[in-house]
Every structure is written in C-alpha cells, then in structure tokens.
Amino acid sequence: MNIEDDLHIRQIGENEEAPMVLLTLADPSDQRIRSYLKQSDCYLAELTGEIIGVYVAGKISRDTIEIYNIAVKEAFQGKGIGKHLLMDAVNRYSKAGYKAIEIGTGNSSIGQLALYQKAGFRIDCILRDFFTDYYEDHIYENGIWCRDMIRLNRTL
Ligand code: ACO
Ligand code: ACO
C-alpha cells in the first residue's frame, strides 16, 4: 500500500468530535486546543477508514492563515504524512486566496523545525518564554526545555 495515495483528507463533519488524542500530541493544553478549534478549520487524514492525522488552521489576518495544530498518529509518523498534510494546507489556502501561512513550534522541536523548513517555511521571529508563560507544566523534548516559540512563515 502506498500510504500517500490511499490517504484521504477531508474537513471534519459539523457534528463530528475532534480527535483530541491526536491533537494533544501537538499541544498539551486541552483548553487551548478547544479554544482555537472554535474559530478554525479542522482537516482529518483517513487511511482505510482510520483517522491517522489532523491539522487545524485559522485566519489570523485578512490574507494570512496559521496552522495551530498538526499531528500524525505515532505508528504512522516518519512516513511522509506530516509533509503531505502541510502541503495540503499550503495548496488549499493558496487556492482560497491567502498570501501567507504561518506556524509556530517549540525551541525543542528539532524534527518539526526540520520538516517545516523542508516544506518551504522560513523562521520569522521568536516569542521568548511563550511556553513558560502560557503552559502550566514544563515541557521537555529531545532533552531540551521548551520555553520559546519559534514562528515560521511561507509565502503562498
Ligand atoms: N533532522 C532532519 N530532518 C528531520 C529530523 C531531524 N532531526 N526529524 C524529522 N526530519 C524530517 C524528516 O527527514 C522528513 O523529511 P524528508 O521527507 O525530507 O525525509 C520530515 O522531517 C518528517 O516528515 P514526515 O514523515 O512527513 O513527518 P510525520 O508524518 O512524522 O509528521 C509531525 C510530522 C506532524 C510533526 C508528527 O511527527 C507528529 O505528529 N508529531 C507529534 C505532534 C507534533 O509535534 N506536532 C507539531 C507540533 S507544532 C504545531 O502543531 C503547530
Ligand atoms: N537532536 C537532539 N540532540 C542532538 C541532535 C539532534 N538532532 N544532534 C546533536 N544533538 C545533541 C547530542 O545528543 C548531544 O547532547 P547530549 O550530550 O545531551 O546527548 C549534543 O547535541 C552533541 O554533543 P557533542 O557530542 O559534545 O558534540 P560534538 O563533539 O559532535 O561537537 C560540533 C559538536 C562542534 C557542532 C561538531 O559536531 C562539529 O564540529 N560539527 C561541524 C562544525 C560545526 O558545525 N560547528 C558549529 C558551527 S556554528 C559555530 O561554529 C559558532
């Protein structure tokens, strides 16, 4: 099976529950997830009927969209699905007339920073202490304390 060929990406249904287990992989704050879900689009990636990926994107200015959350089920990570979801967002919002797409991640998220840059995003700025100011618990990843948010953008 070629995963990317069999992957089906669709918008979440109006009465469908958001996949919180997946969304929590990308963002440990349930409260923040529920808050941005209210004002965003949520897309699900299905493989043979199973939801294995998700991204949530919302408008942050007249012609800019932000990906607030992107996640792939652990067993399916590292197979190109995250990149496929990112490119789905890039193509979708470019067609919709947006001019730029932004994404933010932690200073400790080495793999994510690699992925976003490979997908054409460039580092724009750093929100120092974002994760210590807005998240109750300390977050560690790759042995690094996650404190600052690195913001990246890509022209559409
Ligand atoms: N150095 C260099 N490249 C790396 C590294 C590294 N340390 N780690 C990953 N990469 C590259 C891979 O080589 C690959 O690039 P390639 O296709 O050129 O080989 C790419 O990054 C990974 O691509 P995918 O396989 O498409 O990624 P995956 O399907 O695993 O999805 C994701 C990535 C969404 C980050 C997934 O791992 C995940 O769900 N992680 C947990 C949740 C998470 O951290 N989400 C993002 C938080 S930030 C936010 O949501 C806005
Ligand atoms: N993810 C997580 N941690 C990583 C990763 C990764 N992708 N890559 C490296 N690390 C960590 C290692 O795990 C280790 O941490 P740990 O001790 O907690 O396990 C640490 O980074 C590497 O430590 P060392 O083994 O001490 O590093 P090394 O002896 O290889 O020296 C150096 C690093 C100087 C960068 C060397 O690799 C080198 O000479 N590279 C080529 C030249 C270079 O790039 N120099 C720096 C350019 S910038 C400048 O010069 C100012």
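Calculation rules
- Residues numbered from 1 in each chain as written.
- Chains lettered and ligands numbered in written order.
- Predicted model: local features only at pLDDT ≥ 70, side-chain atom pairs only at ≥ 80, totals over all residues.
- Heavy atoms only, no water.
- Helix = DSSP H or I, 4+ residues; strand = E, 2+ residues; numbered from the N terminus.
- Buried < 20%, exposed > 50% of the residue type's maximum accessible area, 1.4 Å probe, protein only.
- Contact = heavy atoms within 4.5 Å.
- Pairing = 2+ DSSP bridges.
- Axes fitted to C-alpha atoms, helices over the stretch in contact; angles between N-to-C directions.
- 1 Å grid on protein atoms, 1.4 Å probe; cavity = no way out; pocket = protein on both sides within 12 Å on 5 of 7 lines; lining within 4 Å.
- Points joined across faces, edges and corners; volume = space filled by probe spheres on them.
- Nonpolar A, V, L, I, M, F, W, Y, C, P; charged D, E, K, R; others polar.

Q: Quick rundown of the overall build of the protein chain? Include the residues and the values.
A: Scanning the protein chain from N- to C-terminus turns up 6 helices and 9 strands. Structurally, the protein chain occupies a C-alpha span of about 40 × 35 × 30 Å along its principal axes. Within the protein chain, buried positions represent 42% of all 156 residues. Restricting the contact set of the protein chain to residue pairs at least 6 apart, pairs at least 24 apart contribute 65%.

Q: Summarise the sheet that holds strand S9 (residues 149–155); cite the residues concerned and give the values.
A: Pairing within the open sheet is mixed, and its 7 strands lie in the order S1-S2-S3-S4-S5-S9-S6. Edge positions in the sheet fall to strand S1 (7–11) and strand S6 (122–127), since each has one partner strand and no second. The average angle at which neighbouring strand axes cross in this sheet is 25°, direction not considered. Bridging between S1 and strand S2 (residues 41–47) involves 5 bridges; their strand directions are antiparallel. Note on S2: the bridge partner recorded for Arg-10 is Leu-44. Along the sheet, helix H4 (residues 81–95) contacts S1, S2, strand S3 (50–61), strand S4 (64–72), strand S5 (100–106) and S9; its crossing angle with S4, the most-contacted strand, is approximately 160°. On the sheet, helix H5 (residues 110–118) packs against S4, S5 and S9 and is oriented at approximately 165° with respect to S5.

Q: Quick one: what's the story with the layout of surface pockets, residue by residue and with numbers?
A: Its volume calculated, the largest pocket comes out at about 1,100 Å³. If you trace the largest pocket, you find 43 residues lining it, with Ala-26, Ile-70, Thr-105, Gln-112 and Tyr-116 closest to the centre. Broken down by element, the lining of the largest pocket gets its largest block of residues, 7 residues, from S4. Looking at side-chain class alone, the lining of the largest pocket contains 22 nonpolar, 14 polar and 7 charged residues. If you add up the space inside the second largest pocket, you get close to 190 Å³. Lining the second largest pocket are Pro-28, Ser-29, Gln-31, Arg-32, Tyr-134, Tyr-135, Glu-136, Asp-137 and Ile-139.

Q: Give me the lowdown on the side chain of Glu-66, citing residues and values where you can.
A: Mapped onto the secondary structure, Glu-66 falls in strand S4. According to the relative accessible area criterion, Glu-66 is buried, its value standing at 10%. Leaving out residues up to four positions away in the same chain, Glu-66 has contacts with Val-56, Ala-57, Gly-58, Ile-60, Glu-102, Gly-104 and Arg-151.

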